[in-house]
Amino acid sequence: EEIDRLNILQATLLAMQRAVARLSMSPDEVWVDGNRAPLLAAPVRTVVGGDRLHPPISAASILAKTARDAEMLRLHARFPCYGFDRHKGYPTREHLASLRRHGACEVHRRSFGPVKRLALADPA
């Protein structure tokens, strides 16, 4: 819902702000993989391709993907017809076919192109 309301970039920047705010200490500098920096009290260094270039960013990327994969497995248990356990939410051929066959469920992002097109095509 937040991504749909704000857009994916703004929601990502907000998530970074929240993550840094929850740290038990104040960082001297925050490194971000990419070219857009959240507004923070600490200096921010953006690094395009940072997950390939800097081990701390690589480690953060692995932790983020592990958390995402665990969430997708949890969602698969609730919505098995979408195959979230296999494609992890990426728009694979299988995922798009599931969307066409079953429609979108409550966790699908409404601003995601294929979901938006399904909603526009739905006569209900």
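Described in the following lines is the structure provided in the data block. (Residues numbered from 1 in each chain as written. Predicted model: local features only at pLDDT ≥ 70, side-chain atom pairs only at ≥ 80, totals over all residues. Heavy atoms only, no water.)

## Let's talk about the layout of surface pockets
And step 1. Roughly 1700 Å³ of internal volume is contained in the largest pocket.
And step 2. Every residue lining the largest pocket is counted, 44 residues in all, and those nearest its centre are Ile 3, Ile 8, Thr 12, Ala 64 and Arg 68.
And step 3. Mapped onto the lining of the largest pocket, the elements with two or more residues apiece are α1 (2-6), α2 (8-21), β1 (30-33) and α4 (55-78).
And step 4. Looking at the lining of the largest pocket residue by residue, the classes come out as 24 nonpolar, 7 polar and 13 charged. (1 Å grid on protein atoms, 1.4 Å probe; cavity = no way out; pocket = protein on both sides within 12 Å on 5 of 7 lines; lining within 4 Å. Points joined across faces, edges and corners; volume = space filled by probe spheres on them. Helix = DSSP H or I, 4+ residues; strand = E, 2+ residues; numbered from the N terminus. Nonpolar A, V, L, I, M, F, W, Y, C, P; charged D, E, K, R; others polar.)

## Points about the environment of Glu 1
And step 1. Mapping Glu 1 onto the fold places it in the segment before α1.
And step 2. C-alpha separation for the pair Glu 1 and Arg 109, spaced 108 residues apart in sequence, amounts to 7.0 Å.

## Some details on the pattern of salt bridges
And step 1. Under the counting rule described, the total for this entry stands at 8 salt bridges.
And step 2. For the salt bridge of Glu 106 with Arg 78, the shortest nitrogen-to-oxygen distance reads 2.8 Å. With Glu 106 in the loop between α6 (93-102) and α7 (113-121) and Arg 78 in helix α4, this residue pair connects regions lying 28 residues apart in the sequence.
And step 3. When its relative accessible area of 42% is taken as the criterion, Arg 78 is described as partly exposed.
And step 4. A salt bridge links Asp 85 to Arg 86, with the nearest nitrogen and oxygen atoms 3.1 Å apart.
And step 5. Here the salt bridges share partners, and the residues they tie into one network are Glu 2, Arg 5 and Arg 18. (Salt bridge = Lys/Arg side-chain N within 4 Å of Asp/Glu carboxyl O. Buried < 20%, exposed > 50% of the residue type's maximum accessible area, 1.4 Å probe, protein only.)

## Focus: unusual backbone geometry
Trans peptide bonds make up most of the peptide bonds, and negative phi angles are found at most residues other than glycine.
And step 1. Although it is not a glycine, Asn 7 sits at a positive phi angle of roughly 105°.
And step 2. For Asn 7, a relative accessible area of 37% translates into the label partly exposed.
And step 3. In this structure, Lys 88 is a non-glycine residue whose phi angle is positive, near 55°.
And step 4. As for its position among the elements, Lys 88 is in the loop between α5 (84-87) and α6.
And step 5. Judged by its relative accessible area of 19%, Lys 88 falls in the buried class.

## Considerations on α4
And step 1. Compared with an ideal rise of 1.5 Å per residue, which puts 24 residues at 34 Å, α4 spans 35 Å between its outermost C-alpha atoms and is within 8% of the ideal.
And step 2. Along α4, the residues classified as buried are Ile 57, Ser 61, Met 72, Leu 75 and His 76.
And step 3. Of the surrounding elements, those touching the buried residues of α4 are β1, β2 (44-47), α3 (50-53) and α5. (Expected span 1.5 Å × (residues − 1). Contact = heavy atoms within 4.5 Å.)

The quantities given are spatial measurements derived from coordinates; they are silent on function.
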